[in-house]
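Listed here are the chains, written in short residue letters.
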Amino acid sequence: MIVVRLSRTGHLALAVGAVALVVVGVCLRPYIVSESERPELALTALEIGFIQDMGSHHEQALFMVDRLDVDVAPVVWRLGRQIDSAQRSELGMLRGWLCLLNVPMVNTTPMSWMTSQGSTNSTPHRHNSVTAQATGGATMPGMATWADLNALARSRGAEAEVMFLRLMLRHHQGGVAMAQDFTEQHRSGPVYQAARAMIQDQGQEIGLLSLLLEQRNAEPMPYP
């Protein structure tokens, strides 16, 4: 029997490919399934706005994990891979919904659906972030700046661990705020269930991120 061992880069490539296949499959389904066999999916403007913005938010989390130094402590590396796997799977689901609805992947009025203090309409979270260029300068709660991401890519060892943990903690706090705001406005349906799961899963990861920072005598970034 031949055993093939994949590097960390190899695992990342496989994960990217898997999500791409899921999204492409969902997007092509209308062309290979007859009209009568298609399940009907009807979502509100609130749900669509949340899906679009949470998808953009997830993309930056994957961006962060991709820039984490491979030589960090195993516990930090494993947490990064766990976050990558969870958010990549959720991103495929979010993009799949948008494909079925035949609506844009990016919200033309980002965060306009959000009513709480986490909204960029009411707080100073207007960083020059990864998503800002794609959304006309608006950003989302917890998003990192390009300067943050470039610094993370340059950092190594213990410095990379602390920077990644701090950035991802703030990012998760923003994601939970978005999901909580949505579930307060919309209390039923598959998007609601997905948002509730995000709150639970990212809430648990926030606890672990905070613990790992404490073990390294590092303070979290201010939020909001």
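Since this is a predicted model, take the numbers as computed values, not measurements. (Residues numbered from 1 in each chain as written. Predicted model: local features only at pLDDT ≥ 70, side-chain atom pairs only at ≥ 80, totals over all residues. Heavy atoms only, no water.)

**Q** Help me understand the packing of aromatic side chains in this model?
**A** Going through the model one piece at a time under the given rule, you end up with 3 aromatic pairs. Relative to Trp113, the ring of Phe50 lies with its centre 5.5 Å away and its plane at 85°, an arrangement referred to as edge-to-face. Taken together, the residues Phe50 in helix H2 (residues 45-66) and Trp113 in the loop between helix H3 (74-101) and helix H4 (146-154) connect sequence positions 63 residues apart. Phe50 gets classed as buried once you look at its relative accessible area, which sits at 0%. Arranged with centres 5.6 Å apart and planes meeting at 85°, the rings of Phe63 and Trp146 form a pair that is edge-to-face. (Phe/Tyr/Trp six-rings, centres within 6.5 Å; stacked < 30°, edge-to-face > 60°. Helix = DSSP H or I, 4+ residues; strand = E, 2+ residues; numbered from the N terminus. Buried < 20%, exposed > 50% of the residue type's maximum accessible area, 1.4 Å probe, protein only.)

**Q** I keep staring at the confidence of the model for the chain and nothing clicks. Help me out?
**A** Do not read the fine detail of predicted coordinates wherever pLDDT is low. Averaged over all residues, the pLDDT of the chain is 83; the fraction at 70 or higher stands at 73%. Throughout residues 11-16 the model reports pLDDT below 50, and contacts reaching past four residues in sequence, or to other chains, amount to 9 contacts. Across residues 132-138 the pLDDT falls below 50, and counting only partners more than four positions away or on other chains, this stretch makes 12 contacts in the model. (pLDDT = per-residue confidence, 0-100. Contact = heavy atoms within 4.5 Å.)

**Q** Explanation requested: the packing of H2 against helix H5 (residues 157-185) in the structure shown.
**A** A pair of packed helices is captured by two measures, namely the crossing angle of their axes and the spacing between those axes. Contact geometry for H2 and H5: axes closest at 11 Å, N-to-C directions at 170°. Considering their axes alone, H2 and H5 lie roughly antiparallel with respect to each other. The segment H2 lies against H5, with Leu46, Glu47, Phe50, Asp53, Met54, His57, Gln60, Ala61, Met64 and Val65 engaging Phe164, Leu167, Met168, His171, Gly174, Gly175, Met178, Ala179, Phe182 and Gln185. Taken together, the residues of the contact of H2 with H5 sort by class into 12 nonpolar, 6 polar and 2 charged. (Axes fitted to C-alpha atoms, helices over the stretch in contact; angles between N-to-C directions. Parallel < 35°, antiparallel > 145°, perpendicular 65-115°, else oblique. Nonpolar A, V, L, I, M, F, W, Y, C, P; charged D, E, K, R; others polar.)

**Q** Explain the nonpolar core here, please?
**A** The nonpolar side chains of soluble globular proteins are, as a tendency, buried together. Among the nonpolar cores identified, the biggest contains 49 residues, and Phe50, Met64, Trp113, Phe164, Leu165, Met168 and Phe182 are the most heavily contacted of them. Those elements that place two or more of their residues in this core are H2, H3, H4, H5 and helix H6 (190-215). With 11 residues, the top contributor of residues to this core is H5. Non-local contacts of Phe50, meaning those with residues more than four positions away in its chain, are made with Trp113, Met178, Ala179, Phe182, Val191, Ala195 and Met198. (Core = buried A, V, L, I, M, F, W, Y, C linked by side-chain atoms within 4.5 Å.)

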